[in-house]
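Structural features, examined
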Amino acid sequence: MEKHVHVFHHPLIQHKLGIIREESTGPKEFRELVNEIAKLMAYEITLDLPLTDVTVQTPVAKTTVKRLSGKKLGIVPIMRAGLGMVDGILSLIPVAKVGHIGLYRDPETLEAIEYYAKLPEDAGERELIVVDPMLATGGSASAALTAIKKRGAKNIKFLCLISVKEGIDRIHQDHPDVPIYTGAIDPGLNEKSYIDPGFGDAGDRLFGTK
Ligand SMILES: O=c1ccn([C@@H]2O[C@H](COP(=O)(O)O)[C@@H](O)[C@H]2O)c(=O)[nH]1
Ligand SMILES: O=P(O)(O)OP(=O)(O)O
Ligand SMILES: [Mg+2]
């Protein structure tokens, strides 16, 4: 399968990413911007949704209009940080169902520890967008994708704000069927496996826990 990584070059996405990288951006502005970026990214990744023709009656005449015709959509945030992207995407696709995967990264071993999983019952019939602002070592995303596939999901995209090559390689290795969409590929990881320069711990910055 072809390795797929798409980097969003849209100026609004790049501008807003620049602001959330700043240490001085507080949780309120950070949350708003993460949602705005997620919405812009969702707009871009839904550009190829299939449409079909249907006939409607306007107040004046019958006419043919376009309707979405493909699989139903689902959003799966990796908690906590992925939660920050959900409302932005829902504002564009309000009928999408939302599943949740709870994972935290053990600070010593960096292993992803699962503590929660709940997906829509028909996850296997949906196109799922798995979201987490950061793709660092790739351990969390890989574990989340495994957990989601175990529950029947087949058609999955992974959407993040910032990634590094290490995480991208891990997803390509473990889940070659899952395309990756990202706002930036940063140079690397620091000694604590945080993305460098990145924007710190996304969960803490969203929820003000540090
Ligand atoms: O700079 C960072 C790096 C990671 N996170 C959080 O950890 C996971 C992703 O890390 P992996 O090493 O890819 O498992 C992600 O859920 C983030 O919440 C971070 O916030 N900032
Ligand atoms: O991956 P983590 O440990 O940073 O989790 P959270 O998103 O809850 O901050
Ligand atoms: Mg965190």
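The chain has the name Uracil phosphoribosyltransferase in an unreviewed UniProt entry, where Halolactibacillus miurensis is given as its organism. Reading the Function (unreviewed entry) entry of the UniProt record for the chain gives the comment "Catalyzes the conversion of uracil and 5-phospho-alpha-D-ribose 1-diphosphate (PRPP) to UMP and diphosphate."

We now examine the coordination of the magnesium ion (ligand 3). Distances from the magnesium ion (ligand 3) to its protein donors, Asp201 (OD) and Asp201 (OD), fall within 2.3 to 2.5 Å. You can see Asp201 is positioned in the loop between strand E15 (195–196) and helix H6 (202–207).

With that settled, the discussion passes to the side chain of Thr46. In this structure, Thr46 sits in the loop between helix H2 (27–45) and strand E2 (51–57). A polar contact of 3.1 Å, which involves the side chain of Thr46, links it to the backbone oxygen of Tyr43.

Right, let's get into the packing of helix H4 (residues 139–150) against helix H5 (residues 165–174). One can describe the packing of H4 onto H5 by two numbers: an axis separation of 9 Å at closest approach and a directional angle of 25°. Between H4 and H5, the interaxial angle falls into the category roughly parallel. Pair H4 / H5 crosses with right-handed handedness. Counting all contacts with H4, which are made through Gly139, Ala141, Ser142 and Leu145, the residues of H5 involved are Arg170, Ile171 and Asp174.

Lining the immediate surroundings of ligand 1 are 14 residues, of which Arg105, Asp132, Thr137, Ser140 and Ala202 lie closest. In the environment of ligand 1, an oxygen atom lies 2.5 Å from a nitrogen or oxygen atom belonging to the side chain of Asp132. Ala202 places a polar main-chain atom, nitrogen or oxygen, 2.7 Å from an oxygen atom of ligand 1. For ligand 1, the protein covers 93% of the area, taking 460 Å² as the surface of the free molecule. Residues of the shell around ligand 1, tallied by class, amount to six nonpolar, five polar and three charged.

Contact geometry of helix H1 (residues 11–21) with H2 gives a least axis separation of 10 Å together with a crossing angle of 155°. Relative to H2, the element H1 is oriented roughly antiparallel. Of the two elements, H1 crosses H2, and the hand of that crossing is left-handed. Listed contacts from H2 to Leu12, Ile13, Lys16, Leu17, Ile19 and Ile20 of H1 are Glu29, Phe30, Leu33, Val34, Glu36, Ile37, Leu40, Met41 and Glu44. Grouping the constituent residues of the contact of H1 with H2 by class yields 11 nonpolar, no polar and four charged.

Parameters and conventions
Residues numbered from 1 in each chain as written. Chains lettered and ligands numbered in written order. Predicted model: local features only at pLDDT ≥ 70, side-chain atom pairs only at ≥ 80, totals over all residues. Heavy atoms only, no water. UniProt positions renumbered as here; feature names shortened; annotations may be inferred. Donors = N, O, S within 2.8 Å, 3.2 Å for Na, K, Ca; no water. Helix = DSSP H or I, 4+ residues; strand = E, 2+ residues; numbered from the N terminus. Polar contact = N/O pair within 3.5 Å; in protein donor to acceptor, adjacent residues only side chain to side chain. Axes fitted to C-alpha atoms, helices over the stretch in contact; angles between N-to-C directions. Parallel < 35°, antiparallel > 145°, perpendicular 65-115°, else oblique. Left-handed = near helix turned anticlockwise from the far one by under 90°. Contact = heavy atoms within 4.5 Å. Near = heavy atom within 4 Å. Areas by Shrake-Rupley, 256 points an atom, 1.4 Å probe, with all protein chains shown as cover. Nonpolar A, V, L, I, M, F, W, Y, C, P; charged D, E, K, R; others polar.

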